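Each chain, letter by letter, is given below.
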Amino acid sequence: GWNTHVIGRDVEAAVGELKAKPGGELQVHGSGELLRWLLERDLVDELNLRIYPVVVGDGRRFFPEQGRAHALTLIESRTTESGVTLQTYRPAGPATFGTAG
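Okay, so let's go over this structure. Quick caveat: nothing in here was measured; it's all calculated off a predicted structure. (Residues numbered from 1 in each chain as written. Predicted model: local features only at pLDDT ≥ 70, side-chain atom pairs only at ≥ 80, totals over all residues. Heavy atoms only, no water.)

**Here we look at a nonpolar patch on the surface**
Move 1: A cluster of nonpolar side chains, contributed by Tyr 52, Val 54 and Val 56, occupies part of the molecular surface with about 340 Å² of accessible area.
Move 2: Among the structural elements, Val 54 can be located in the loop between strand S1 (47-51) and strand S2 (70-79). (Patch = residues over 30% accessible without salt bridge, like charges linked within 9 Å, V, L, I, M, F, W, Y side chains within 5 Å. Areas by Shrake-Rupley, 256 points an atom, 1.4 Å probe, with all protein chains shown as cover. Salt bridge = Lys/Arg side-chain N within 4 Å of Asp/Glu carboxyl O. Helix = DSSP H or I, 4+ residues; strand = E, 2+ residues; numbered from the N terminus.)

Structure follows, in C-alpha cells:
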C-alpha cells in the first residue's frame with residue numbers, strides 16, 4: 001500500500017526528515033520542477049531516467065538553462081527492444097567538465 005505524508009510549510013526540512021527514516025523510499029514522478037528543486041538542495045539519492053528515441057522541437061526543458069551543474073554517476077543502463085534507454089544515476093557532487101571518453 002501507499003504511505004502518504006502531507007508536507008507543510010518547511011518542505012526541505014520535512015523531506016530531510018523523511019529521508020532519514022529507515023525503510024521505504026521517496027519517489028517523484030513527472031514533476032521536473034520538483035526534481036530540480038530537490039537537486040538544488042542535495043535531496044536526491046538516485047535518478048531513474050527513461051530516454052525515448054524521439055526529438056521534440058519544443059516544450060518545457062527538463063533541466064533549466066541556468067542553475068548549478070551536477071555530476072552524475074551511471075549506476076545502470078539498458079535499452080528496451082523499442083529503443084527506450086533506462087538509466088539510473090546517482091548524484092556525485094558538483095560537475096566538473098572535461099573531454100568525453
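**With respect to the nonpolar core**
Move 1: In terms of nonpolar packing, the biggest core is built from eight residues, these being Val 15, Leu 35, Leu 38, Leu 39, Leu 43, Val 44, Leu 47 and Tyr 89.
Move 2: At three residues, the largest contribution of residues to this core is made by helix H2 (residues 32-40).
Move 3: For Val 44, the residues in contact, after removing those within four places along its chain, are Leu 35, Leu 38, Leu 39 and Pro 91. (Core = buried A, V, L, I, M, F, W, Y, C linked by side-chain atoms within 4.5 Å. Buried < 20%, exposed > 50% of the residue type's maximum accessible area, 1.4 Å probe, protein only. Contact = heavy atoms within 4.5 Å.)

**Things to note about H2**
Move 1: Along H2, the residues that are buried comprise Gly 32, Leu 35, Arg 36, Leu 38 and Leu 39. Looking straight down H2, one finds that the buried residues subtend no more than 165 degrees of arc, so they occupy a single side.
Move 2: Residues of H2 that are buried in the fold lie against helix H1 (11-20), S1, S2 and strand S3 (85-94). (Arc of directions from axis to C-beta.)

**Things to note about the environment of Leu 34**
Move 1: Note that Leu 34 resides in helix H2.
Move 2: Separated by 22 residues in the primary sequence, Leu 34 and Glu 12 have C-alpha atoms spaced 11 Å apart.

**Some thoughts on the side chain of Thr 85**
Move 1: Summarising the element assignment, Thr 85 is placed in strand S3.
Move 2: Here Thr 85 falls in the buried class, since its relative accessible area comes to 18%.

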